[in-house]
Amino acid sequence: MLVNFKRVTTLVSFIRRCSTLSKSLPELTKDRYPNIKRGDYAELNQNHLDYFHGLLGQNRVLSDPSDCEMYNIDFIKGVRGYSQCVLKPQTTEEVSKILSFCNQHRLAVCPQGGNTGLVGGSVPVFDEIVLSTSLMNNIISIDNISGVVVCEAGCILESLDDVLREKGLMMPLDLGAKGSCNIGGNVSTNAGGLRLLRYGNLHGSVLGIEAVKANGDVIDCLSTLKKDNTGYHLKHLFIGSEGTLGIVTKVAVHGPSKPKSLNLALLGLHSFENILQTYERAKNDLSEILSSCEMMDERSLDVVTSHLKLKSPIGDFPFYMVVETSGSNEKHDEEKLNAFLEGVMSEGIVADGTVTNEPGKMRAIWDLRERITEGLLHDGYLFKYDISLPIKEFYSLVPKMKERLGSDASRVSGYGHIGDGNIHLNISVPEFSPDILKKVEPYVYELTSTYKGSISAEHGVGFRKPPYIHYSKSENAISLMKDLKKMMDPNGILNPYKVLPS
Amino acid sequence: MCTMEDFKFLFKVVLVGNAGVGKTCLVRRFTQGLFPPGQGATIGVDFMIKTVEVDNDKVKLQIWDTAGQERFRSITQSYYRSAHALILVYDISCQPTFDCLPDWLREIEEYASSKVLRILVGNKIDREDREIPTFVGEDFAARHNMYFLETSAKEAENVEKLFMKIAEDLMQVQAKNKDLPRYESSTTNISGRTSSVSDSSCCSKLT
């Protein structure tokens, strides 16, 4: 789930308000998950700190507990580590020296970007040293002709996008957390977002990567070429491995041209079957100008209309879609969109809708979709799942979970990226209950596996899901992953307890 | 679900006219039977389907409600082209909305099909402060070869009649003129699209 950062402050203050504790800190991960044991790592001592101070100076080593607190808690306040050291390197060389030192002294390290992850991957589980990329935020080069931007890992996605837009380019990914997430974190988690349908995932648009291995070796694969078939494609190992194989320090990303014409339609539909038909039509009729194709069910829309008091500009329907086009010629896009809308209306697969290119109304329509995550928090406790499924089965989990939970759940809703086959399934309950959890898990993963889906589409595995990856990956595949991990990080210092099952 | 077999004709009806003349209210009155007080300006284009019955045949009206305000209208022009009927609306209590009619006609002539059915509607006859006498509207319509009707979305006066008249006339025109596009199941259904749909609730919901 990609949460709009601009609303993070509201969201965090909301959680604070709701908390009955005098301090709103979540329980320490080590206490909430007593089965997870701290690995055989060294504990931080003064000698270690002295080394870091010598390397980075006083200001870029945080060791005061209050300074470290925000680096220990994840965005949704679900997990909390107790790291006593946050390091803020500014160069690849510093990252290399830090890792080399930590590897020699068996100090575990948790790499962290904007800390917007939703699966607990970006914060320490125990006392791992936090290596924050936030000060590595230089843009190295932008090639106006090829559109390639080369930058350091700590650049904030939105800042990069702003700079590129001034040059008629844009970042190939857009997600709710863009105001604070770092490009290094995006790449390390293979972040998806609202326009993956159009621009593809990061395995395609990241052309090159520079990363540092656990032993401090710098792996320079910072190619800016679109085509480069020399040897094994190592960059892919660092895309989506969540900092467990190395720390990404620089990236080269292909930025597409900024669209000159944008249109947005909100559609009301009577069935999920109609959504599939509309998606198929959108692909065929809008083809290269289709830039986003999202769906939400009535219970998801209700979240924003009842909790956040947003107004839907169309009537009530069981399903809704948001279809966006971006192109280079307004007239051309308008013609295509018109033909598409007439087609789906004539065939009776879309019942009602509105279309606009006025920025204010486009924002209002996007809010209906993007603010669901925030609105859901008003429901109480949430079981959140981020699942990929073959498109025909996209919505299958929602009615199944609804039936299984009956009155236990106050809401079972589904929304997401229909074009990518990625649904966000949310089960709302008034408050957490282990009995309900047992009804939901592992059933929801088993069901996903039955449909040959993935239990983590775009959020990653992080700390929360390693026990479940076998639902989506074979034993041999997991075994090869473990071999790779052992080879690249023999001491297991990089982001331990994450991604791979123990 | 409405499959193509459920109806005999499908017509596209587009409403145009100055901001605030009551286009959205006419549509809401007709499709939902309500009059929304304090209706905000339409931005872009809203579209909806309403199924009506004419001589025991089901006719689907695809209604496109466009923005009256210039700054919200940039994507509306292409919506004229395939329209079967254009409803040009003015407010009988607001002279400037009537004075703009020639501008709207120029736009219609530029973008719409020459065969389009054109209807002039003077809305808000519930109001006491009428500025445009009925005969002035009638006269304008006659000179420009348009049907004419005065309505009140608020009092539900002539609204049903307006859309039913359009449906009936278009059916007659269609029966005479084979050139106009026909939306019959046998001709426009794309294979496989509707075969698996079986729910029959949508038409009843929409009517």
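Conventions and cut-offs
Residues numbered from 1 in each chain as written. Chains lettered and ligands numbered in written order. Predicted model: local features only at pLDDT ≥ 70, side-chain atom pairs only at ≥ 80, totals over all residues. Heavy atoms only, no water. UniProt positions renumbered as here; feature names shortened; annotations may be inferred. Axes fitted to C-alpha atoms, helices over the stretch in contact; angles between N-to-C directions. Helix = DSSP H or I, 4+ residues; strand = E, 2+ residues; numbered from the N terminus. Parallel < 35°, antiparallel > 145°, perpendicular 65-115°, else oblique. Left-handed = near helix turned anticlockwise from the far one by under 90°. Contact = heavy atoms within 4.5 Å. Nonpolar A, V, L, I, M, F, W, Y, C, P; charged D, E, K, R; others polar. Salt bridge = Lys/Arg side-chain N within 4 Å of Asp/Glu carboxyl O. Buried < 20%, exposed > 50% of the residue type's maximum accessible area, 1.4 Å probe, protein only.

If you look chain B up in an unreviewed UniProt entry, it shows as Ras-related protein Rab-30 from Pyrocoelia pectoralis. For chain B, the Cofactor (unreviewed entry) comment in UniProt is given as "Mg(2+)". A UniProt comment under Sequence similarities (unreviewed entry) is attached to chain B, and it reads "Belongs to the small GTPase superfamily. Rab family."

An unreviewed UniProt entry annotates chain A as D-2-hydroxyglutarate dehydrogenase, mitochondrial originating from Pyrocoelia pectoralis. For the record of chain A, the UniProt heading Sequence similarities (unreviewed entry) holds the text "Belongs to the FAD-binding oxidoreductase/transferase type 4 family." The heading Function (unreviewed entry) in the UniProt record of chain A holds the text "Catalyzes the oxidation of D-2-hydroxyglutarate (D-2-HG) to alpha-ketoglutarate. Also catalyzes the oxidation of other D-2-hydroxyacids, such as D-malate (D-MAL) and D-lactate (D-LAC). Exhibits high activities towards D-2-HG and D-MAL but a very weak activity towards D-LAC."

Asker: Any chance you could explain the packing of helix α3 (residues 46-56) of chain A against helix α5 (residues 92-104) of chain A here in plain terms?
Answerer: Helix-helix packing: each pair is described by the crossing angle between the helix axes and the interaxial distance. Residues and elements named next belong to chain A. Where α3 meets α5, the closest approach of the two axes is 11 Å, and the angle between their N-to-C directions is 165°. Accordingly, the angle class assigned to the pair α3 and α5 is roughly antiparallel. Here α3 runs over α5; the crossing is right-handed. Two secondary-structure elements touch here, α3 through H48, Y51, F52, L55 and L56 and α5 through E94, K97, I98, F101 and C102. Across the contact of α3 with α5, the residue classes tally to seven nonpolar, one polar and two charged.

Asker: Would you mind showing me how to read the pattern of salt bridges here?
Answerer: Side-chain pairing between opposite charges can occur once the charged atoms of the two side chains come close. All names here are of chain A. Going through the model one piece at a time under the given rule, you end up with 35 salt bridges over all chains. One salt bridge in this structure joins R464 and D74, with 3.4 Å as the shortest N-O distance. Of this pair, R464 sits in the loop between α18 (443-450) and α19 (475-488) while D74 is found in the loop between α4 (65-72) and β2 (86-87), placing the two residues 390 residues apart along the sequence. Among the residues examined, R464 registers a relative accessible area of 27% and is labelled partly exposed. The salt bridge involving R371 is made with E374; its shortest N-O contact spans 3.0 Å.

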